[in-house]
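Analysis of the macromolecular model
Here are the chains, one letter per residue:
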Amino acid sequence: MAHLVDIFEVARRGTRVEGTLKPAELPELSKLLANEEGRLSYAAEGEGDRRGHPAARLSIEGEVFLTCTHCGKPVAVRLESEAVFLLARSEEEANAMPIEEDAEDEDVVVGSKRFNLAEWAEEEAILTLPSAARHDACDEAEWAQTPDDEPEAPKRPNPFAALAALKTKK
Ligand SMILES: [Zn+2]
């Protein structure tokens, strides 16, 4: 998926460009996900000049699904990040642009007149994505679905419930 803009022009004019993509349109992100549900919204906003370089703010926001490390079912994960990027004209220039130690929300990216916003948003989403996720109340989610999967299960004592009861007595 390509969403091409002249990012230098966006920076200079202070314009805002946005879009929304589905995981299926983001192949690199998609590889890390449990399914292709959810979405990723992004917005690039021109920030004029920062420390002598054209700058743009990238915000991403969305929801995708990772595989729960506990039950193996999809679990929703919120994506949200915002950072200001100084735009370099080449790799060489980017490498020569030191990031200020105290500027935690500031980064450097090599800009272009045909800059792919979708790919940029995807990279940010991958960086923001947690390495692992599980449901807040995973046991409940799992047992709520059990009667459909295994009709006999509810009649038997649940060994995990017994274990949980022991743990709460501590
Ligand atoms: Zn789970």
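Each remark here, short or long, concerns the structure printed above.
Figured I'd write up the structure that's included with this text.

Rules behind the numbers
Along each chain, residues carry numbers from 1 onward, in the same order as the chain's sequence is written. Under the rules for a predicted model, residues below a pLDDT of 70 receive no local features and side-chain atom pairs below 80 are neither given nor counted, while totals for whole chains, interfaces and linings still include all residues. Helix numbers and strand numbers start at the N terminus; a helix is a DSSP run of H or I with at least 4 residues, a strand a run of E with at least 2. With C-beta atoms placed from the backbone, a residue counts as buried when 20 or more other C-beta atoms lie within 10 Å of its own, as exposed when 12 or fewer do, and as partly exposed for counts between those limits. Residue pairs are scored as contacts if the distance between their C-beta atoms, which are placed from the backbone, is within 7 Å. By this definition, two strands are paired if DSSP reports at least two bridges between them. Fitted lines through C-alpha atoms give the axes, limited to the stretch in contact for helices. The angle between two N-to-C directions lies from 0 to 180 degrees. One fewer than the residue count of a helix, multiplied by 1.5 Å, yields its expected span. Think of a nonpolar core as buried Ala, Val, Leu, Ile, Met, Phe, Trp, Tyr and Cys residues, each tied to the set through C-beta atoms within 7 Å.

A tally of regular secondary structure across the chain gives six helices and seven strands. The secondary structure elements of the chain, listed N-terminal to C-terminal, are β-α-β-α-β-β-β-α-β-β-α-α-α. Among the 170 residues that make up the chain, the fraction classed as buried is 19%. Pairs at least 24 apart in sequence give 59% of the contacts found in the chain among residues at least 6 apart.

On to the environment of Glu18, then. Within the secondary structure, Glu18 is located in strand E2 (residues 16-21). Sequence separation between Glu18 and Ser41 is 23 residues, and the spatial gap between their C-alpha atoms is 7.4 Å.

With that settled, consider the sheet that holds strand E5 (residues 74-88). A sheet is described by the order of its strands in space; here five strands give the open sequence E2-E3-E4-E5-E6, paired in mixed fashion. Of all strands in the sheet, those bounded by a partner on one side alone are E2 and strand E6 (106-110). Going across the sheet, the axis of each strand differs from the next one's by a mean of 30 degrees, ignoring polarity. Lying over the sheet, helix H4 (residues 117-128) contacts E2, strand E3 (39-50), strand E4 (53-67) and E5, oriented at roughly 60 degrees with respect to E4.

Over its twelve residues, H4 extends 16 Å from the first C-alpha to the last, a length consistent with the 16 Å expected when each residue adds 1.5 Å. Buried within H4 are the following residues: Leu117, Trp120, Ala121, Glu122, Glu124 and Ala125.

Moving on, we come to the nonpolar core. By size, the foremost hydrophobic cluster in this structure holds 24 residues, and its most contacted members are Leu40 and Ala56. Counting residues per element, the ones that place at least two in this core are helix H1 (7-13), E3, E4, E5 and H4. Of the residues forming this core, the biggest block, five residues, is contributed by E4. Leave out the neighbours within four places in its chain, and Leu40 touches Thr20, Leu21, Leu26, Ile60, Gly62, Val64, Leu79, Ala121 and Ala125.

To continue, consider the environment of Cys138. Assignment of secondary structure puts Cys138 in helix H5 (residues 138-149). Here Cys138 falls in the partly exposed class, since 15 other C-beta atoms lie within 10 Å of it. A sequence separation of 69 residues divides Cys138 from Thr69, and the C-alpha atoms of the two residues are 9.7 Å apart. Beyond its immediate stretch of four places on either side in the chain, Cys138 contacts Cys68, His70 and Cys71.

Structurally, the position occupied by Ala118 is in helix H4. On the basis of neighbour counts, which here come to 17 C-beta atoms within 10 Å, the residue Ala118 falls in the partly exposed class. The sequence separation of Ala118 and Leu40 amounts to 78 residues, and the corresponding C-alpha distance is 9.6 Å. Those residues in contact with Ala118 that lie beyond four places of it in its chain are Met1, Ala2, His3, Gly19 and Leu21.

With the exception of glycine, most residues fall at negative phi, and the peptide bonds are largely trans. Positive phi outside glycine occurs at Arg51, with the angle close to 45 degrees. Relative to the helices and strands, Arg51 is located in the loop between E3 and E4. The class for Arg51 is exposed, based on 11 C-beta atoms found within 10 Å.

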